[in-house]
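# Observations on the three-dimensional arrangement
Each chain is listed here by its residues.
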Amino acid sequence: MKSLETHHIGIPDPSAESPAQEQTSRETRYIGVPESPVEPAKEEPKAPGPPAQTADRKGRGTQYMAPPSAGPEPVEGRLPDGYMLQDRYRVLMLHAVGGMSTVYKAQDLRFTRVTRLCIVKEMLNTAADPQVRAMVKSNFEREANILAALNHPGIVEVYDFFSEGKRSYLVLEYVDGKTLEDLLDEAEGFLPESQVVNWAIQVCQVLSYLHSHDPQPIVFRDIKPSNIMLDGHGRIRLIDFGIARNFQSGQKGTMIGTEGYTPPEQYRGSAEPRVDIYALGATMHHLLSKQDPKLEAPFSFHERPIHRTNPTVSRELTDVVNRALEYDIDKRFGSAEEMQRALMSLSSARGGSGTAPFGTTAFVGSDITPLWRFRCEDEIRSTPAVHNGIVYVGAYDHNLYALDAESGKFLWKYATEGGIGSSPCVYEGRVLFGSADRLLYAINAETGRIAWTCPTQGSVWSSPRAAFDHVFFGSDDRNLYAANTYSGRVAWKFATEGKVRSSPSIGNDTIYVGCEGGVVYAVDISGQARWRFRAKRSVTSSPAFSDAMVYVGCQDSYVYGLDIRSGWSAWRQRTGGPVVSSPVFGEGLLLVGSVDKHLYALDADSGRIVWRYATEGQVTSNPAAAGGAVYFGSVDGAVYSLDIKTGNLRWRFQTEGPVVSSPTVMDSVVYIGSDDRYLYALPA
Amino acid sequence: MKFLRNLLGREETSASASSVAPSPTVPCLHSRFRVGWATDVGKARRHNEDAALVLTAAHDGEDARQAFGLFALADGMGGHQAGEVASSIAARTAAHHIVHQLYLPTLVQQEHSTDQPALSEVLVNAVQAANRAVASRVPGGGTTLTCALLLGPRAYIAHVGDSRAYTVTEADGLDQITHDHSLVDRLVELGQLTRDEADVHPQKNVLYRAIGQSGVLDVDIYMRTVSEGERLLLCSDGLWSMVRETEIASIVTTAPSLQAACESLVAAANQAGGNDNITVILVEPPLD
């Protein structure tokens, strides 16, 4: 049984002064103000919200409010079953216990021929000062009078009210039904979208009635699943009233737990009709997503989109809920009627299941047209390099091509004896790249004439990186090489436990590299290992690093964040498939693709997933970040551009083959190759 | 068996002598943490419901490990001494987990690998263990928990509640690392309240996350490098709600020692009213 402890039908009434607490703000006081007592500075605050359970503290200590799910606690001095009130209401059983009230199921004996059930809500007037006590009582009676005059099929009827000594009572219609909270708890899967929309439309109708109440609008102020009941006829009833708030005693200290459905402005004392719109949005979010806002950070609905837990929900309904949940009150629906119209226009309101759920936006077109494209004789799998207006790219046709960056015009090519999967780097006027013919090449960046080659004992798929007049690269002969950039002479080689296809990263006088044997190394510039980290599978991905961490993807499906000083894993994040893509930073996020078809944006400090974007194919391409956007290719044949902050699609460009090449972004142009043999220049 | 393989692994790869990590033997005279800490009941309460735990380890010699420091601070809540019990259990349970899962293995392990849990996982698991221990042993009790693990100058911080971790420098004063899990902090983040309004808001003591809650507990993890000249400060709200940040910074940077700084901070909070228990931990990591 759920407790019915909170409640605020709020009626704007400037004359209403709560005696238990002093309202010092300029705000109008409402019946059912959810505890925004503003009080003199330097005093301990009073308890917010009706605590489901409070631990009694000596003196002025802290208090612990039980989690919202806690069941009712027996209260001292509760009425025994069979107890008679006003010679008319016989208590049948305890119904629920809240922080400020006790609720009984009772029988009204005035009706002698039928069994007429009712709900009796008892509130204890604990104020010590007799004057305050009298004010509590008169406020209660004034509010009860207003509530008793309400007449709407969606609102539980108030039959009677009275006080006996320190106790005040409200007698309410008994509704045989279940609250939406009960229904949500019982539901095995997700509640059908059409059902939630239908309930929300009915709540909007009740809110329209309350908000247009004469002479002043009534703000309910506590819309939430446990305050909405579904009766035996499928009708919605708002069941709780905030009248008990008057009896709240001044509790003090730290408390845990928030209501979860309340809009931010309500904590500043504001109570206008649009607070109910927000709370209804929050209620719908909970019903659709099954994520209880009481257990989440307050006001975090936008950070927890419904479709993340419930992918079947339609985009159009999500839009309605999101608009109701706007922090900025002026961006919400202006009235319950307006929200009701938006809900009724949904296809799910007409019994449909909703259209266009998330994640099914399959389309194969392109949003942009390329600036130019250039056809090679075989697949392009490497990353192009752009330097001084020239694009350099290697292809599986054994050639390194030099193209004019602006027009795509062919300048020259250099033929090797093997496929080129290594990405070129340009250093001191030379283009450095590896080939499957086991050589590292250095050629003149302008003329394409050979400067030197550096032989290894295995294919060179790793992409070279140059610094300190040395070029660092890996080979399938299991070594990391350091060679002089002028002569090509090998300065040292560092033996690893597998083929080195990962490309080294250089920083802090240290080279970071992975190997197919599953080990990540930090090697100093003299070729001595500083530390190593052993993963479960091949590390083909190239490390990224910050001043504190090294980040690397692994074919064991994890992305690792390693302490740059010790190699200790600070965090790891598992994806749904091997990670071959190399991570890159953008806007404080770590971006990386996975064979599970997603591009991930991770928090670099914690590894937490900030967002991820689903494509139709494996993402082995290394993302590139520029100007608030991230660019990458997918084996589904497309090049994607997403907004870095949100992960929303900016554009998509379809090629004729898988895109495992990685983009290079320069001067608002994205250069990327495809297995369709073309190099594309796309507008960023 | 595995241990043997690890040892032999060194042999196997020694064919490429260059791949064996030479252990940088750091002179360790200054490779230990300098620490100060203090706790006080304050002026208004009868019990001190805060708990603090300080643990440091350093060693010198061949293949020396980085200096290890563990600092935990908890601020309990709940009646009938539940607050004291909750904060103490939380700090001890988390420390036990971290030492057991993280520190002890490093004394014998040869290299880092994915077979060890990641540091952040150890920290999250430690705080969740503390949560389970408090939930089962102290019904009705709750506590904040801010737990800083330092490996040399690198700080890994696990955090739940409204105790705080800061870095302190002479030039920039206090830099708050942690976010309070309080209702008013969220309202400030959303621009619905100013910091000053939050300080006097009637619901400023409402936490939405704390140790002792039922269900799954979300734990925040932060990472910072505490550079030379910087100090790490952990404190309960008995300090930060009573003493201005600028004053805290000036006390920390002018005191003759870290211990003297902690005692001065407690005195300053008491002078400002001492409305709550006050606990402070100050740490200066070893130089590189």
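Note that this is a predicted model, so its numbers are computed, not measured. (Residues numbered from 1 in each chain as written. Chains lettered and ligands numbered in written order. Predicted model: local features only at pLDDT ≥ 70, side-chain atom pairs only at ≥ 80, totals over all residues.)

## Some thoughts on the domain arrangement of chain A
Taken as a whole, chain A is organised into domain 1 (1-175 + 239-257), domain 2 (188-236 + 258-350) and domain 3 (588-684). Computed from C-alpha coordinates alone, the two centres of domain 2 of chain A and domain 3 of chain A are separated by 36 Å. (Domains from an automatic or database assignment.)

## What to know about the sheet that holds strand β4 (residues 116-124) of chain A
Residues and elements named next belong to chain A. Pairing is antiparallel in the open sheet, where six strands are placed in the order β1-β2-β3-β4-β6-β5. Looking at which strands have only one partner, the edges of the open sheet turn out to be β1 (84-85) and β5 (158-164). As paired elements, β5 and strand β6 (residues 167-173) share six bridges and run antiparallel to each other. Across the sheet, residue Phe162 finds its bridge partner in β6, namely Tyr169. Lying on the sheet, helix α1 (residues 130-148) is in contact with β5 and β6; it crosses β5 at an angle near 170°. (Pairing = 2+ DSSP bridges. Helix = DSSP H or I, 4+ residues; strand = E, 2+ residues; numbered from the N terminus. Contact = placed C-beta atoms within 7 Å. Axes fitted to C-alpha atoms, helices over the stretch in contact; angles between N-to-C directions.)

## A word on unusual backbone geometry
Residues and elements named next belong to chain A. Here the residue pair Asp214 and Pro215 is connected by a cis peptide bond, since its omega of 10° sits within 30 degrees of zero. Structurally, Pro215 is set in the loop between α3 (193-211) and β8 (228-231). The backbone phi angle of Lys597 is positive, close to 80°, even though this residue is not glycine. Along the chain, Lys597 falls in the loop between β33 (589-593) and β34 (598-603).

## A few points about helix α2 (residues 82-106) of chain B
Taking 1.5 Å of rise per residue, the 25 residues of α2(B) would be expected to cover 36 Å, and the 35 Å separating its terminal C-alpha atoms lies within 8% of that figure. The largest bend along α2(B) reaches roughly 40° and is located at B:Val99. (Expected span 1.5 Å × (residues − 1). Bend = angle between axes of the 7 residues up to and from the residue.)

## Some details on the nonpolar core
Core analysis: the biggest nonpolar cluster contains 190 residues, and B:Ala72, B:Ala94, B:Leu123, B:Val127, B:Leu145 and B:Cys147 have the highest contact counts within it. Filtering out sequence-adjacent residues up to four positions away, B:Val127 remains in contact with B:Ala94, B:Leu145, B:Cys147, B:Ala158, B:Val160 and B:Val219. Counting 66 residues, the second-largest nonpolar core is a separate cluster that includes A:Val91, A:Val206, A:Ile306 and A:Leu343. (Core = buried A, V, L, I, M, F, W, Y, C linked by C-beta atoms within 7 Å. Buried ≥ 20, exposed ≤ 12 C-beta atoms within 10 Å, placed from the backbone.)

## A closer look at the sheet that holds strand β41 (residues 669-673) of chain A
Strand pairing in a sheet relies on backbone hydrogen bonds, with the paired strands running either antiparallel or parallel. All names here are of chain A. Spatial ordering of the open sheet is given by β11-β42-β41-β40, a layout of four strands whose pairing is antiparallel. What marks the edges here is a single partner per strand, and that holds for β11 (372-375) and β40 (664-666). Averaged over all neighbouring strand pairs, the angle between strand axes comes to 20°, with direction disregarded. Taken together, the five bridges between β41 and strand β42 (residues 678-683) define a ladder with antiparallel strand orientation. Bridge pairing in β42 places Tyr671 opposite Ala681.

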